[in-house]
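Spelled out, the chains give:
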Amino acid sequence: MLAACAPEPEAPVADARPVRTVTIAKSEAGTAVTFAGRIEAEDEVALGFRIGGRLAERAVSVGERVGPGQLLARLEPQNEMNALRSAKANLAAAQAALVQAGNHFTRQQTLLAQGWTTRALFDEAQKARDTARAQVDSAEAQLKAARDLVSFTELEADASGVVTAIGAEPGEVVQAGRMIVTLARQGGRDAVFDIPAQVLRSAPSEPAIAVNLTDDPTVTASGRVREVAEQADPVTRTFQVKVGLEKPPEAMRLGAAVTGRLQMEAVPIIEIPASALTRINRQPAVWVVDPASRTVTLRNVEVLRFDPASVVVSGGLDTGEVVVTAGVQALHPGQKVRLLGGEP
């Protein structure tokens, strides 16, 4: 009975979990963002035949320099040559018929003036002459078209440049318009990068981009953004950005790997260690410490930029708040914590 009157023992109080924290503060910094890219020709064109056929010869290979009018490839021209010979024969026949019709018209004109023929025969001769003249015009047009087809069997460079790709080998039957040779025309060069959308939104207007070779950082060039893709890549969700280089060195050859550096504008930002970031509801979140009760709550944040060691937050945190930076995986909402280096 006396034991029943004893007071119930108090529930044990859970020990506060030690965590490391950081106090949020805004800083104005113009951070530099770097991206990997490649060198491409500012003006690159895919050349192909206007007609289909069997590829008889390809006169160039990747890396060769070509000049305007230089032969790049040739189709077998037998069919087109036969069509050309047929067009020439048709023209000769049409011209002969025109001469005959013209002579007959001249005779009928003379006889009509002397009264030895009828007006109907004269009109018929005039009509035959006009028809023969029209047939000559038609035959000349067909001959020109046949010559054009023969010329279409040869693919020539339209400007000076470097061959960067080959699309067919001799012996293949190719369709009209198929890429046979890709030609990088001589002139400007671009550094091409794949940039995330959040960087494009926060980048300054008309930024200067510093570019250097990846394998030799001493080879540098500067440039300006020349073109931004209207649509994001469906896989990476990044936008292709072309930077026109100003007087690029010879070492920056086509296809070379380069690194671009963009200096962002100095704006107030909140930067926290990357270890503070976790997830809730499939969104980035951090543990925020209540200074009065020393308990933690999970809060979603908006992330502007990721770096290997830090995260730039654009929303969800205020200056002076305390965020857990170590031990985030072992916390639960409402848990009491002890700040390392602070009061127990």
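Let me begin by describing the structure that accompanies this report. Source: prediction; values computed, not measured.

## What to know about the packing of aromatic side chains
Okay, step 1: Counting across every chain of the model gives 1 aromatic pair.
Okay, step 2: Each ring, one from F105 and one from F122, has its centre 5.3 Å from the other, and the planes form 35°; the classification is tilted. Here F122 lies in helix α2 (residues 119-152) and F105 lies in helix α1 (residues 78-114), a separation of 17 residues in the sequence.
Okay, step 3: With a relative accessible area of 8%, F105 lands in the buried category.
Okay, step 4: The buried category is assigned to F122, whose relative accessible area is 8%.
Okay, step 5: For the cation-ring pair, R129 lies above F105, with the distance from its terminal atom to the ring centre recorded as 4.2 Å.

## Describing unusual backbone geometry
Okay, step 1: Look at R237: it is not a glycine, yet its phi comes out positive at around 60°.
Okay, step 2: By secondary structure assignment, the location of R237 is in the loop between β14 (220-228) and β15 (238-246).
Okay, step 3: Here K247, not a glycine, exhibits a phi torsion of approximately 50°, which is positive.
Okay, step 4: Looking at where K247 falls in the secondary structure, it is placed in the loop between β15 and β16 (257-263).
Okay, step 5: Classification of K247 as exposed rests on a relative accessible area of 80%.

## Some points on the pairing of strand β1 (residues 17-23)
For a regular strand, side-chain orientation follows a simple rule: the groups alternate between the two sheet faces.
Okay, step 1: As paired strands, β1 and strand β24 (residues 337-339) are joined by 3 bridges and run parallel to one another. Paired with R17 across the two strands is V337, which belongs to β24.
Okay, step 2: Taken together, the 4 bridges between β1 and strand β23 (residues 322-326) define a ladder with antiparallel strand orientation. For V22, the partnering residue across the bridge sits in β23 and is V323.

## Here's the deal with the pattern of salt bridges
Okay, step 1: In the structure shown here, the tally under the stated rule is 14 salt bridges.
Okay, step 2: A salt bridge links R119 to D123, with the shortest nitrogen-to-oxygen separation between them at 3.7 Å. In this pair, R119 and D123 are both assigned in helix α2, 4 residues apart and thus about one turn of the helix distant.
Okay, step 3: Since its relative accessible area comes to 53%, R119 is described here as exposed.

## Some words on the sheet that holds strand β10 (residues 173-174)
Okay, step 1: With respect to topology, 4 strands assemble into an open sheet ordered β8-β7-β5-β10, the strand pairing being antiparallel. Strand pairing shows two members of the sheet lacking a second neighbour, β8 (154-156) and β10, which therefore form its edges.
Okay, step 2: Sheet topology note: the strand β5 (residues 53-58)/β10 ladder contains 2 bridges and is antiparallel. Looking at the pairing, R54 lines up with V173 of β10.

Criteria and thresholds
- Residues numbered from 1 in each chain as written.
- Predicted model: local features only at pLDDT ≥ 70, side-chain atom pairs only at ≥ 80, totals over all residues.
- Heavy atoms only, no water.
- Phe/Tyr/Trp six-rings, centres within 6.5 Å; stacked < 30°, edge-to-face > 60°.
- Helix = DSSP H or I, 4+ residues; strand = E, 2+ residues; numbered from the N terminus.
- Buried < 20%, exposed > 50% of the residue type's maximum accessible area, 1.4 Å probe, protein only.
- Lys NZ or Arg CZ within 6 Å of the ring centre and 35° of its normal.
- Pairing = 2+ DSSP bridges.
- Salt bridge = Lys/Arg side-chain N within 4 Å of Asp/Glu carboxyl O.

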